[in-house]
Amino acid sequence: MTVSRRDFISTAVAGSLAVGLGQKSEAQKSTSSGPATGAVGTSKAPIIVCAGNGYNYIEEGYNILKSGGDTLDAAMRVIRGPEDDPNDTSVGLGGLPNEDGVVELDACCMHGPTRRAGAVGGVHNIKNVSLLSKAVMDHTGHVFLVGEGAEKFAVAQGFPTENLLTDSTRKIWLLYKETHSDWWGPGLSDPNWKRRLQRGLQSQPTKQSANEELKLRVEHMREVAQDIGIPQEDQLAAIRKVLFPPTGTIHCSALNEKGEMSGCTTTSGLGWKIPGRVGDSALIGAGCYTDQDVGSAGATGSGEENIKVAGAHTIVENMRHGMSPLDAGMDALKRIVRNYNGDMDRLKFMDMTYYILRKDGAYAGVSLWEGYDANKPHKIVIHDGQRRAEKTVSLFQGVSEEWPPEFKNPMDL
Ligand code: GLY
């Protein structure tokens, strides 16, 4: 029996983590009842906040605000950086593709002073979809364009088209195809054909059996990665991306001295998604929401979960009704937890970070977990004259993916 991705994730890994993490779940259920530690503060305009991958670009955004520029232009300046960067696999050029190997991008923006919005979803071949969402806002009577229509509109507006799949992301996609499909990779007649993993899965895997299953799986994937030509030092990261499809994204919100606010979010979405899947980053109210009277919020993380709680809108509405940015964000996270009745064996497989900026300059960065791994905590980047990255306040202690789940030393693999 070929081990499908779905079977593998839902039995072997879930089994392993369920067994391994069940013991810790009480600790993980701890919430922010104590004093908040992490990214909570009050500053004054101009101030701009964004996700961690905007760190290298936030200075330029801040300078736009400082010189009296428009808040959406400032936010766009920040998030264009990762969109243009072929090494950022979460957005724009070099973003991880869909299951067909096509990079498919989502973005949306809101301009507070004019109370307008623009959005695009499922766009191919246009790397700066953040700017495209603004073009929809500026040059149409619509709010949201998707797919082929959005691409045609982009071409009409003079956006360049290009293949957004880099050599590096193409190889990771090939690793996904070869290890998660029955028909990709050398066939039976190929002299180099290697028997695929055919171990039957136990219906109730023990921690040990699930771990052995995972170890075999990762060993096999290493061989395939080597054949594909993924450099050895990148192989484990590539395998992780295949087994735990990431949802990297960037959001940015900005406030200027006139009290004007804007926000924008852009992404290549969930890695290996079904073509046509649109995530939260394209949706006004989920991936981004700005209300000139209240504040601005945006999200990175599990798009499906964020859509179901309309995260960014929920947070702004919470602030409208008097909550602090921290409490407003925590409430949205708790709604995600409520949707799973607090089932930690499922919540372990999702993550969500919110970036929140209130009209008075108060801000917060909150997340479901502390990070994807212990060495990379979730952070919000802030620039209010001083650029800094602060750890988010997390609802749960611990990380959403323990990677490798059992093999702390990659050399053990
Ligand atoms: N948050 C990005 C996505 O899920 O598409």
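This structure is a prediction, so every number in the text was calculated from the model and none was measured.

Caption draft 1: Examining the overall build of the protein chain more closely. Across its full length, the protein chain carries 13 helices and 16 strands. In the protein chain, which comprises 413 residues, the share counted as buried stands at 57%. Long-range contacts, defined as pairs at least 24 residues apart, comprise 70% of the intrachain contacts of the protein chain with a sequence gap of at least 6. Summed over all atoms, the accessible surface of the protein chain reaches about 17100 Å², with 48% contributed by carbon and sulfur.

Caption draft 2: Molecular detail of the state of the cysteines. According to the stated counting rule, one finds zero disulfides in the structure shown. Here Cys50 stays unpaired: no disulfide links it, and the sulfur of Cys252, its closest cysteine neighbor, is 5.2 Å away. Of all cysteine sulfurs in the structure, the one in Cys264 sits closest to Cys109, which takes part in no disulfide; the separation is 5.3 Å.

Caption draft 3: Just unusual backbone geometry, in detail. In this structure, the amide linkage connecting Ala45 to the following residue, Pro46, adopts the cis form with an omega of 0 degrees. Mapped onto the elements of the fold, Pro46 is located in the loop between strand S1 (40-42) and strand S2 (47-51). Unusually for a residue other than glycine, Ala310 sits at a positive phi of about 45 degrees. Locating Ala310 in the fold gives a position in the loop between helix H10 (303-309) and helix H11 (311-320). Positive phi values are uncommon outside glycine, yet Asn341 reaches one of about 50 degrees.

Caption draft 4: Region of interest: helix H9 (residues 232-243). A rise of 1.5 Å per residue sets the reference length of H9, with its twelve residues, at 16 Å; its end C-alpha atoms lie 17 Å apart and thus fit the reference within 8%. The set of residues buried in H9 consists of Gln235, Leu236, Ala238, Ile239, Arg240, Val242 and Leu243.

Caption draft 5: View of the pattern of salt bridges. Applying the stated criterion to the full structure yields 19 salt bridges. The shortest N-O distance in the salt bridge between Lys171 and Asp167 comes to 3.3 Å. With a gap of four residues between them, Lys171 and Asp167 both fall in helix H7 (residues 167-180), about one helical turn apart.

Caption draft 6: Structural context of the site of the ligand. Taken together, Thr247, Thr249, Thr267, Gly269, Leu270, Arg277, Gly279, Asp280, Ser281, Gly301 and Gly303 are the residues near the ligand. One of the side-chain N or O atoms of Asp280 is found 2.7 Å from a nitrogen atom in the ligand. When the ligand sits alone it has 200 Å² of accessible area, and the protein chains cover 100% of it. The class makeup of the residues in the shell around the ligand is one nonpolar, eight polar and two charged.

Caption draft 7: Examining the sheet that holds S2 more closely. Here eight strands make up an open sheet; going across it, the order is S5-S4-S3-S7-S6-S2-S14-S15 and the pairing mixed. What marks the edges here is a single partner per strand, and that holds for strand S5 (144-146) and strand S15 (387-391). Geometrically, the sheet is characterised by an average inter-axis angle of 10 degrees between neighbouring strands, direction not taken into account. Strand direction decides the pairing type here: S2 and strand S6 (residues 249-255), joined by four bridges, are antiparallel. Residue pairing in the sheet places Val49 in a bridge with Ser253 of S6. Strand contacts of helix H4 (residues 71-84): S2, strand S3 (105-111), S6 and strand S7 (261-267), with the helix running at about 20 degrees to S7, the strand carrying the most contacts.

Caption draft 8: Representation of the packing of aromatic side chains. Counted according to the given criterion, the structure contains two aromatic pairs. Seen from their ring centres, Tyr176 and Trp272 are 4.9 Å apart, and the 5 degrees between their planes marks the pair as stacked. Of this pair, Tyr176 sits in helix H7 while Trp272 sits in the loop between S7 and strand S8 (288-291), and the two are 96 residues apart along the sequence. Here Tyr176 matches Trp272 in class, with each residue buried.

Caption draft 9: Region of interest: the confidence of the model for the protein chain. Looking at the protein chain, pLDDT values average 86 and 84% of them are 70 or higher. Considering only residues more than four positions removed or in separate chains, one finds that residues 1-34, a stretch of pLDDT under 50, has 66 contacts. Throughout residues 197-202 the model reports pLDDT below 50, and contacts reaching past four residues in sequence, or to other chains, amount to 19 contacts.

Definitions and cut-offs
- Residues numbered from 1 in each chain as written.
- Predicted model: local features only at pLDDT ≥ 70, side-chain atom pairs only at ≥ 80, totals over all residues.
- Heavy atoms only, no water.
- Helix = DSSP H or I, 4+ residues; strand = E, 2+ residues; numbered from the N terminus.
- Buried < 20%, exposed > 50% of the residue type's maximum accessible area, 1.4 Å probe, protein only.
- Contact = heavy atoms within 4.5 Å.
- Areas by Shrake-Rupley, 256 points an atom, 1.4 Å probe, with all protein chains shown as cover.
- Disulfide = S-S within 2.5 Å.
- Expected span 1.5 Å × (residues − 1).
- Salt bridge = Lys/Arg side-chain N within 4 Å of Asp/Glu carboxyl O.
- Near = heavy atom within 4 Å.
- Polar contact = N/O pair within 3.5 Å; in protein donor to acceptor, adjacent residues only side chain to side chain.
- Nonpolar A, V, L, I, M, F, W, Y, C, P; charged D, E, K, R; others polar.
- Pairing = 2+ DSSP bridges.
- Axes fitted to C-alpha atoms, helices over the stretch in contact; angles between N-to-C directions.
- Phe/Tyr/Trp six-rings, centres within 6.5 Å; stacked < 30°, edge-to-face > 60°.
- pLDDT = per-residue confidence, 0-100.

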